[in-house]
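# Commentary on secondary and tertiary structure
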Amino acid sequence: MRIGELAARAGTTTRTLRYYESRGLLPARRDGKGHRTYDEHDLKLLRQIRTLQDFGFDLEETRPFVECLRAGHPEGDLCPASLAVYRRKLAELDGLIDELRAVRAKIGLRLAMAEDVSPLCELGGREP
């Protein structure tokens, strides 16, 4: 298939596909007329990249998954390098969740303190 068809089927743009090609994530095959050509396997690579990016992975973090698929595995997360990326991403998310919990606790404390010391104002809140 040509680049426009692949972009349409993957829900992305031809510019994005060219960028992925320049980064080595998509193959750079050409037909006799010099047009880029792709197949169903390339669509699978793209879907893997897009899914991971939807999960918050940056483009470089998708590379081990793409390489796993290129190596012939049925899924991109069946290789040790892909599993390592999953582990790093989970650790990163756990850290962010911890930070958000700490911020939430501080805001909750400030709210509780403000509600305890301020009389009600006439707008339905508390007086300063």
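Model, not experiment: these values are computed from the prediction.

Two elements in contact, helix α4 (residues 63–70) and helix α5 (residues 80–117), have axes whose closest approach is 8 Å; the angle formed by their N-to-C orientations is 155°. As judged from the angle between their axes, α4 and α5 are roughly antiparallel. Regarding α4 and α5, the two cross each other, and that crossing is left-handed. Two secondary-structure elements touch here, α4 through Pro64, Phe65 and Cys68 and α5 through Ala81, Ser82, Val85 and Tyr86. Among the residues forming the contact of α4 with α5, the class breakdown is six nonpolar, one polar and no charged.

Take the nonpolar core next. Counting residues in each nonpolar core, the largest one holds 16 residues, and the members touching the most others are Leu6, Leu17, Tyr20, Leu25, Leu26, Leu46 and Ile49. Looking at this core, the elements that each hand over two or more residues are α1 (3–10), α2 (14–22), α3 (40–54) and α4. Sequence-distant contacts of tyrosine 20, that is, excluding residues within four places in its chain, are made with Leu25, Leu26, Leu46, Ile49, Arg50, Gln53 and Leu59.

Considering the arrangement of structural elements, one finds threonine 62 in the loop between α3 and α4. Ignoring sequence-local partners within four residues, the contact set of threonine 62 consists of Leu25, Ile49, Leu52, Gln53 and Phe57.

According to the stated counting rule, one finds 10 salt bridges in the structure shown. The partner of arginine 9 in a salt bridge is glutamate 40, with the nearest N and O atoms 2.7 Å apart. In this pair, arginine 9 is assigned in helix α1 and glutamate 40 in helix α3, connecting sequence segments 31 residues apart. Overall, the relative accessible area of 47% leaves glutamate 40 in the partly exposed class. A network of salt bridges, in which partner residues are shared, links Glu5, Arg9 and Glu40.

Here, disulfide denotes a covalent bond that connects the sulfur atoms of two cysteines. Inspection of every chain in the model, using the stated rule, returns one disulfide. Across the disulfide, cysteine 68 is cross-linked to cysteine 79 (sulfur-sulfur distance 2.1 Å). Looking along the S-S bond of the cysteine 68-cysteine 79 disulfide, the torsion reads about 80°, which is the right-handed sense. Of this pair, cysteine 68 sits in helix α4 while cysteine 79 sits in the loop between α4 and α5; the two residues are 11 residues apart in sequence, bridging distant segments of the chain. The exposure class of cysteine 79 is buried, given its relative accessible area of 13%.

Turning to the packing of aromatic side chains, a few remarks are in order. Inspection of the entire model under this criterion finds three aromatic pairs. When the ring of phenylalanine 57 is compared with that of phenylalanine 65, the centres are 6.1 Å apart and the planes differ by 85°; the resulting orientation is edge-to-face. By the burial criterion, phenylalanine 57 is buried, and phenylalanine 65 matches it. When the centroid spacing of 6.2 Å and the interplanar angle of 75° are considered together, the rings of phenylalanine 57 and tyrosine 86 count as edge-to-face. Of this pair, phenylalanine 57 sits in the loop between α3 and α4 while tyrosine 86 sits in helix α5, and the two are 29 residues apart along the sequence. Exposure remark for tyrosine 86: the relative accessible area of 27% places this residue in the partly exposed category. Three or more aromatic residues link up through ring pairs in this structure, and these residues are Phe57, Phe65 and Tyr86. Here the basic side chain of lysine 89 rests over the ring of phenylalanine 57, its NZ or CZ set 5.2 Å away from the ring centre.

Cut-offs and rules
By convention here, each chain's residues receive numbers from 1 onward along its written sequence. Totals for whole chains, interfaces and linings use every residue, but because this is a predicted model, local features are given only for residues with pLDDT of at least 70 and side-chain atom pairs only at 80 or more, for both listing and counting. Derived side-chain values reflect all non-hydrogen atoms in the structure, with water molecules and hydrogen atoms excluded from consideration. Orientation is described by lines fitted to C-alpha atoms, with helices fitted over the stretch in contact, and by angles between N-to-C directions that extend from 0 to 180 degrees. Strands here are runs of E lasting at least two residues and helices are runs of H or I lasting at least four, both read from the DSSP assignment and numbered beginning at the N terminus. Roughly parallel refers to an angle under 35 degrees, roughly antiparallel to one over 145, roughly perpendicular to one between 65 and 115, and oblique to any angle outside these ranges. By definition, turning the near helix anticlockwise from the far helix through less than a right angle yields a left-handed crossing, and turning it clockwise yields a right-handed one. Contacts are residue-level and defined by heavy atoms, with any inter-residue pair within 4.5 Å sufficient. Classification convention: Asp, Glu, Lys, Arg as charged; Ala, Val, Leu, Ile, Met, Phe, Trp, Tyr, Cys, Pro as nonpolar; all other residues, Gly among them, as polar. To define a nonpolar core, start from buried Ala, Val, Leu, Ile, Met, Phe, Trp, Tyr and Cys residues and group those joined through side-chain atoms within 4.5 Å. Relative accessibility thresholds used throughout: buried, under 20% of the residue-type maximum; exposed, over 50%; partly exposed, between the two (1.4 Å probe, protein chains only). One speaks of a salt bridge when a side-chain nitrogen belonging to Lys or Arg is within 4 Å of a carboxyl oxygen belonging to Asp or Glu. Criterion for a disulfide: a pair of cysteine sulfur atoms at a distance within 2.5 Å. Centre distance within 6.5 Å is the pairing criterion for rings of Phe, Tyr and Trp, where only the six-membered ring of Trp is used; planes under 30 degrees apart are then read as stacked, over 60 as edge-to-face, and the remainder as tilted. In this analysis the charged atom, NZ for Lys or CZ for Arg, is taken to sit over a ring once it is within 6 Å of the ring centre and within 35 degrees of the ring normal.

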